[in-house]
Amino acid sequence: MSGRTLVTGIGVAAPTGLGVEDFWAATRIGKNAIGPVTRFDASAHPSRLAGEIHGFEPGEHLPGRLVPQTDRVTQLALVATDCAFEDAGLTPGDLHPCDMGVVTAAGSGGLEFGENELRKLWSQGPKHVSAYLTFAWFYAVNTGQIAVRNDLRGPTGVLVGDQAGGLDALAQARRRLRKGSRLIATGGFDASICPLGWAAHLAGGSLSTSDEPERAYLPFDGAASGYVPGEGGALIILEDEESAAARGAREAYAEFAGYGATLDPRPGSGREPGLRRAALAALADAGCHPAEVDVVFADGAGVPRLDREEAEAITAVFGPFGVPVTAPKTTTGRIGAGGAPVDVVSAVLAMREGLIPPTTNVEPSPAYDIDLVAVRPRTASVRTALVLARGRGGFNSAVVLRALD
């Protein structure tokens, strides 16, 4: 198929809200959801803050038989998927199962499930380990469970690239649409707020050690000293324009117009990071001039070196203070593979309302020549948005979203 790729449905599970409306009500005003870790005792660790989803009871949303088979990350993914399909106005029989597929991004799989079962293995023996461990921990488990629950028999896949992986999954979904599929459910999720996941975060060396929820995660701030982990993600329904029209789809949110990806050069090479080239590639793919972009949703690492690299890339593309920039993930923490899809949801909702959500708690550093939307939201006509994402290991991805006439 050769028509435009449209965003026709969205579902989100984030610390700031379970469901699109609750999420946007908090995001649009910059309501902070970062606080002390409650999912395990983190008191002995140097980092003790996270963006957690509170009040989520999987049994209230999913069949009872499914709950013991799945990790928290999969439960969140399934609930967000249900919301996205409902939002897209899809009912059984609208499309043949073989015309629909699913591509997700993951960073750690069902880490908490795996940790719990390994603890049983060590303390009680192999007979006490759940048979569901064979798939519940796996990176591709969200893709598989979404496909089974929603009878999606078309192309499937999973990508692993940290924050950048969430945009890569959307791009792979678009490729599948161009090869003939009619609908792809896509996005990304992570939920690694457990002892094993925390050890992995700490080993990376970039966690904030602040105990002040309002001053712990501060991208583009002179006091930036690391990131705060979050959990959740978003599921996005992408459809070919002609196919969506044929099934009588509701009004779409936006067009997935462009994508670009690069890999940073090896450390010490003296060459610039690849984020600028990824942004330019996405703009070129969309046939979009930088002057047309109304807002950039930044990766917002919260690490001074990485913030400087991203600010320099944005300035190189748009000029000093050339475009509004925001990083609403300061209210949720970095969600890994789920972070960039959540930013995509924020971008299409910003288009819907004409409002750029703020980068909460941040005092923009004068060292960066970017127009950071901080403290409070900004009213604006948002017709074109650029979403940036970077991943550990040098991955860079960028997506252009365009409003529909």
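Refer to the preceding data block for the structure.
No experiment lies behind these values; they were computed from the predicted model shown.

1. Looking at the overall build of the protein chain
Moving on, step 1. Within the protein chain one finds 11 helices and 16 strands.
Moving on, step 2. In summary, the protein chain has a C-alpha radius of gyration of 20 Å against a globular reference of 22 Å for 405 residues, a match within 12%.
Moving on, step 3. In terms of its C-alpha atoms, the protein chain occupies a principal-axis envelope of roughly 60 × 55 × 40 Å.
Moving on, step 4. Here the protein chain, with 405 residues, has 59% of them falling under the buried criterion.
Moving on, step 5. By sequence separation, contacts in the protein chain at least 24 residues apart represent 78% of the contacts at least 6 residues apart.
Moving on, step 6. Only carbon and sulfur atoms are counted for the fraction: they give 52% of the accessible area of the protein chain, which is about 15600 Å².
Moving on, step 7. Where the 36 positive side-chain charges of the protein chain centre and where its 46 negative ones centre are 4 Å apart.

2. Describing helix 11 (residues 339-353)
Moving on, step 1. Taking 1.5 Å as the rise per residue, helix 11 with 15 residues should run 21 Å; its terminal C-alpha atoms sit 21 Å apart, in good agreement.
Moving on, step 2. The first or second residue beyond helix 11 is Gly 354, which carries a positive phi of 75 degrees.

3. Structural notes on the layout of surface pockets
Moving on, step 1. By volume, the largest pocket amounts to about 1000 Å³.
Moving on, step 2. If you go around the largest pocket, you meet 42 residues; those closest to its centre are Asp 162, Arg 390, Gly 391, Arg 392 and Gly 393.
Moving on, step 3. When contributions to the lining of the largest pocket are tallied by element, the ones reaching two or more residues are helix 6 (162-178), helix 7 (195-203), helix 10 (304-318), strand 15 (384-391) and strand 16 (395-402).
Moving on, step 4. Looking at the lining of the largest pocket, its residues break down into 15 nonpolar, 16 polar and 11 charged.
Moving on, step 5. Considering only enclosed or pocket space, the second largest pocket measures out at about 220 Å³ in volume.
Moving on, step 6. Taken together, the residues of the lining of the second largest pocket sort by class into 6 nonpolar, 3 polar and 3 charged.

4. Brief notes about the packing of helix 6 against helix 11
Moving on, step 1. It is the contact of helix 6 with helix 11, at a shortest axis distance of 6 Å, that shows an interaxial angle of 60 degrees. In this view, helix 6 runs oblique relative to helix 11, as classed from their interaxial angle. The segment helix 6 lies against helix 11, with Gln 163, Gly 166, Leu 167 and Leu 170 engaging Gly 339, Ala 340, Pro 341 and Val 344.
Moving on, step 2. When its residues are assigned to classes, the contact of helix 6 with helix 11 shows 5 nonpolar, 3 polar and no charged.

5. Some points on helix 6
Moving on, step 1. The terminal C-alpha atoms of helix 6 lie 25 Å apart, and with 17 residues this matches the ideal 24 Å at 1.5 Å per residue to within 8%.
Moving on, step 2. In terms of burial, helix 6 is a largely internal element, 12 of the 17 residues being buried.
Moving on, step 3. Taken residue by residue, helix 6 has Gln 163, Ala 164, Gly 165, Gly 166, Leu 167, Asp 168, Ala 169, Leu 170, Ala 171, Ala 173, Arg 174 and Leu 177 as its buried positions.
Moving on, step 4. At the exit of helix 6 stands Gly 180, carrying a positive phi of roughly 125 degrees.

6. Some details on empty space enclosed by the protein
Moving on, step 1. Under the counting rule described, the total for this entry stands at 1 cavity of 30 Å³ or more.
Moving on, step 2. In this structure, the largest cavity spans a volume of roughly 70 Å³.
Moving on, step 3. If you trace the largest cavity, you find 13 residues lining it, with Pro 328, Lys 329, Thr 332, Val 342 and Asp 343 closest to the centre.
Moving on, step 4. Taken together, the elements giving at least two residues each to the lining of the largest cavity come down to helix 1 (20-27) and helix 11.

7. Let's talk about unusual backbone geometry
Moving on, step 1. The residue Asp 162 is not glycine, and still its phi comes out positive at about 55 degrees.
Moving on, step 2. With respect to the helices and strands, the residue Asp 162 is situated in helix 6.
Moving on, step 3. Given the relative accessible area of 29%, Asp 162 is considered partly exposed.
Moving on, step 4. The phi dihedral of Val 375 is positive, around 75 degrees, even though this residue is not glycine.
Moving on, step 5. Secondary-structure assignment places Val 375 in the loop between strand 13 (371-372) and strand 14 (378-379).

8. Regarding the nonpolar core
Nonpolar side chains tend toward joint burial in soluble globular proteins.
Moving on, step 1. Membership of the largest hydrophobic core comes to 46 residues, with the highest contact counts inside it found for Ile 10, Ile 236, Leu 349 and Leu 401.
Moving on, step 2. The element contributing the most residues to this core is helix 11, with 9 residues.

9. Here's the deal with the pattern of salt bridges
Moving on, step 1. Per the counting criterion, the structure on display carries 23 salt bridges.
Moving on, step 2. Residue Glu 231 pairs with Arg 72 through a salt bridge whose shortest N-O separation is 3.0 Å. A residue pair is termed long-range when its members are at least 10 positions apart, and Glu 231 in the loop between helix 7 and strand 8 (232-240) and Arg 72 in helix 2 (residues 72-87) qualify at 159 residues. For the pair shown, Glu 231 and Arg 72 are each scored as buried.
Moving on, step 3. The salt bridge partner of Glu 272 is Arg 276, with a shortest N-O separation of 2.6 Å.
Moving on, step 4. For Arg 276, a relative accessible area of 24% translates into the label partly exposed.
Moving on, step 5. Each member of the salt-bridge network shares a partner with another, and the members are Arg 4, Glu 241, Glu 255 and Arg 402.

10. Some thoughts on the side chain of Glu 115
Moving on, step 1. Mapped onto the fold, Glu 115 is located in helix 3 (residues 111-124).
Moving on, step 2. Since its relative accessible area comes to 10%, Glu 115 is described here as buried.
Moving on, step 3. Only 3.3 Å separates the side chain of Glu 115 from the backbone nitrogen of Leu 196, close enough to count as a polar contact.
Moving on, step 4. For Glu 115, the contacting residues outside a window of four places in its chain are Cys 194, Pro 195 and Leu 196.

11. Observations concerning the pairing of strand 8
Moving on, step 1. Burial analysis of strand 8 places 9 of its 9 residues in the buried class, which makes it a mostly covered element.
Moving on, step 2. Going residue by residue along strand 8, you find Gly 232, Ala 234, Ile 236, Leu 238 and Asp 240 tucked away on one face and Gly 233, Leu 235, Ile 237 and Glu 239 tucked away on the opposite face as well.
Moving on, step 3. Both strand 7 (residues 183-190) and strand 8 contribute to a ladder of 8 bridges, which runs antiparallel. Each residue of the ladder has a partner; that of Leu 183, found in strand 8, is Glu 239.

12. Quick notes on the environment of Ile 314
Moving on, step 1. Along the chain, Ile 314 falls in helix 10.
Moving on, step 2. It is 9.7 Å that separates the C-alpha atoms of Ile 314 and Leu 388, two residues lying 74 residues apart in sequence.
Moving on, step 3. Residues in contact with Ile 314, not counting those within four places in the same chain, are Val 296, Gly 319, Val 323, Val 325, Ile 370 and Leu 388.

Conventions used here
- Residues numbered from 1 in each chain as written.
- Predicted model: local features only at pLDDT ≥ 70, side-chain atom pairs only at ≥ 80, totals over all residues.
- Heavy atoms only, no water.
- Helix = DSSP H or I, 4+ residues; strand = E, 2+ residues; numbered from the N terminus.
- Rg over C-alpha atoms; globule rule 2.2 N^0.38 Å.
- Buried < 20%, exposed > 50% of the residue type's maximum accessible area, 1.4 Å probe, protein only.
- Contact = heavy atoms within 4.5 Å.
- Areas by Shrake-Rupley, 256 points an atom, 1.4 Å probe, with all protein chains shown as cover.
- Lys, Arg positive; Asp, Glu negative; His and termini not counted.
- Charge placed at Lys NZ, Arg CZ, Asp CG, Glu CD.
- Expected span 1.5 Å × (residues − 1).
- 1 Å grid on protein atoms, 1.4 Å probe; cavity = no way out; pocket = protein on both sides within 12 Å on 5 of 7 lines; lining within 4 Å.
- Points joined across faces, edges and corners; volume = space filled by probe spheres on them.
- Nonpolar A, V, L, I, M, F, W, Y, C, P; charged D, E, K, R; others polar.
- Axes fitted to C-alpha atoms, helices over the stretch in contact; angles between N-to-C directions.
- Parallel < 35°, antiparallel > 145°, perpendicular 65-115°, else oblique.
- Core = buried A, V, L, I, M, F, W, Y, C linked by side-chain atoms within 4.5 Å.
- Salt bridge = Lys/Arg side-chain N within 4 Å of Asp/Glu carboxyl O.
- Polar contact = N/O pair within 3.5 Å; in protein donor to acceptor, adjacent residues only side chain to side chain.
- Pairing = 2+ DSSP bridges.

Functional significance is not addressed by these values, which are geometric in nature.
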